[in-house]
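Results of the structural survey
So the chains spell out like this:
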Amino acid sequence: MNKKIVTIALGAALSLSASAAMADTLEDVQAKGYLQCGVAPSTPGFASPDENNNWSGIDVDYCRAMAAAIFDDPEAVRFTPLTSKERFTALSSGEIDVLSRTTTWTMSRDTNLGISFTGVMFYDGQGFMVPKDIGVNSALELSDAAVCIEAGTTTELNAADYFATNGMNYNPVVFEDQDEVVKAYDDGRCDVFTTDSSALAAERLSLADPDAHKILPEIISKEPLGPSVRQGDDLWFNISRWVYFALLEAEEYGVTSANVDEMLGSENPSVRRLLGVEGEFGKAIGLSDDWAYRVIKHTGNYDEIYQRNVTPIGIERAGSLNDLWTRGGLQYSPPIR
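Quick look at the structure, then.

Parameters at a glance
- Residues numbered from 1 in each chain as written.
- Predicted model: local features only at pLDDT ≥ 70, side-chain atom pairs only at ≥ 80, totals over all residues.
- Heavy atoms only, no water.
- Disulfide = S-S within 2.5 Å.
- Helix = DSSP H or I, 4+ residues; strand = E, 2+ residues; numbered from the N terminus.
- Buried < 20%, exposed > 50% of the residue type's maximum accessible area, 1.4 Å probe, protein only.
- Core = buried A, V, L, I, M, F, W, Y, C linked by side-chain atoms within 4.5 Å.
- Contact = heavy atoms within 4.5 Å.
- 1 Å grid on protein atoms, 1.4 Å probe; cavity = no way out; pocket = protein on both sides within 12 Å on 5 of 7 lines; lining within 4 Å.
- Points joined across faces, edges and corners; volume = space filled by probe spheres on them.

**What about the state of the cysteines?**
According to the stated counting rule, one finds two disulfides in the structure shown. The partner cysteine of C37 in its disulfide is C63, sulfur to sulfur 2.0 Å. Between C37 and C63, the S-S dihedral sits near 65°, and the bridge is therefore right-handed. In this pair, C37 sits in strand β1 (residues 35-39) while C63 sits in helix α3 (residues 58-71), placing the two residues 26 residues apart along the sequence. Each sulfur of the disulfide joining C148 and C190 lies 1.8 Å from the other. What sets the handedness of the C148 and C190 disulfide is the S-S torsion sign, and at about -100° it is left-handed. With a gap of 42 residues between them, C148 in strand β9 (residues 145-150) and C190 in the loop between α7 (178-186) and β11 (192-196) connect regions that are remote in the sequence. With relative accessibility at 5%, the residue C190 sits in the buried group.

**Some thoughts on the nonpolar core**
Membership of the largest hydrophobic core comes to 61 residues, with the highest contact counts inside it found for W236, V255, L274, L275 and W291. The greatest single-element share of this core, amounting to 11 residues, is contributed by helix α9 (residues 234-252). Setting aside residues no more than four positions away along its own chain, L275 makes contact with V255, V260, M263, L264, D289, D290, Y293 and I296. Ranked by size, the runner-up nonpolar core spans 14 residues in total, among them F128, V136, V147 and A159.

**Section: empty space enclosed by the protein**
Here the structure, examined in full by the defined rule, presents two cavities of 30 Å³ or more. Roughly 250 Å³ of internal volume is contained in the largest cavity. Around the largest cavity, the lining comprises 23 residues; the ones closest to its centre are S84, R101, T102, E150 and T195.

Right, dumping it as structure tokens:
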């Protein structure tokens, strides 16, 4: 019995020790002077480098917003390109501080991997792209097709469910990363390319002849894409979550990178709290009270980030799930008060 008590006590102590070790992310980031952000290797609109290794995309700008909140410097961030199979290990091992990589929020990921999702940067759904010359107009016509899929993704599971539910056979052609999938599809090694609809729109532009391909109308899944952090560090979780919310709150109240200095003089209590003019809302997350001002000054609000990155790949925001709740969308921030 005594041995059992000692074992339980030792386990509890180790658990507390592990939690304490994980609870220093902000201090670690501040000590090294930059945020390490895990992103997709190359998904236009979300995360992609140019020839000089300058990164752009909505996921990239989210990490820049976090760096702005912490350091008052959106460039105090380094990017680690990760395949779908690498991403969760990189986060749980501490190789990266935050994962912002077109990752779908699911129950198993949120409860089994030791990570927590902090928001939905982009509401998406899985679709299918095919060459126009095969004469297919619906995903229900894809029986026995060869389908290019990236390994280690919800795409694999959703495709299996869709074909099984509709009584169709298919031949999955699986690759380790998205670039391999796109090349295989463009080379004609499969009949269909399936992934998130946003990625299909982006990758279509990179094909040898984009006009020779079309995206089918069916959306077969819910794909809420958002950033995640390691479990066990509530302070870091709250920073990650409220940076996302600040982007939405700023848009809702008309605060932009262009007018944020002028808005410091606003008489609207919500704007004054957002920008740190009233209250002490930075203290609770270990930051200065002007943390959200820094975010908006350097990166803009959610709409500015969206229009800069996602609209150019052909995905309009107006009237979509990614619009603000005041315009019929799902993007919504709890109040800062």
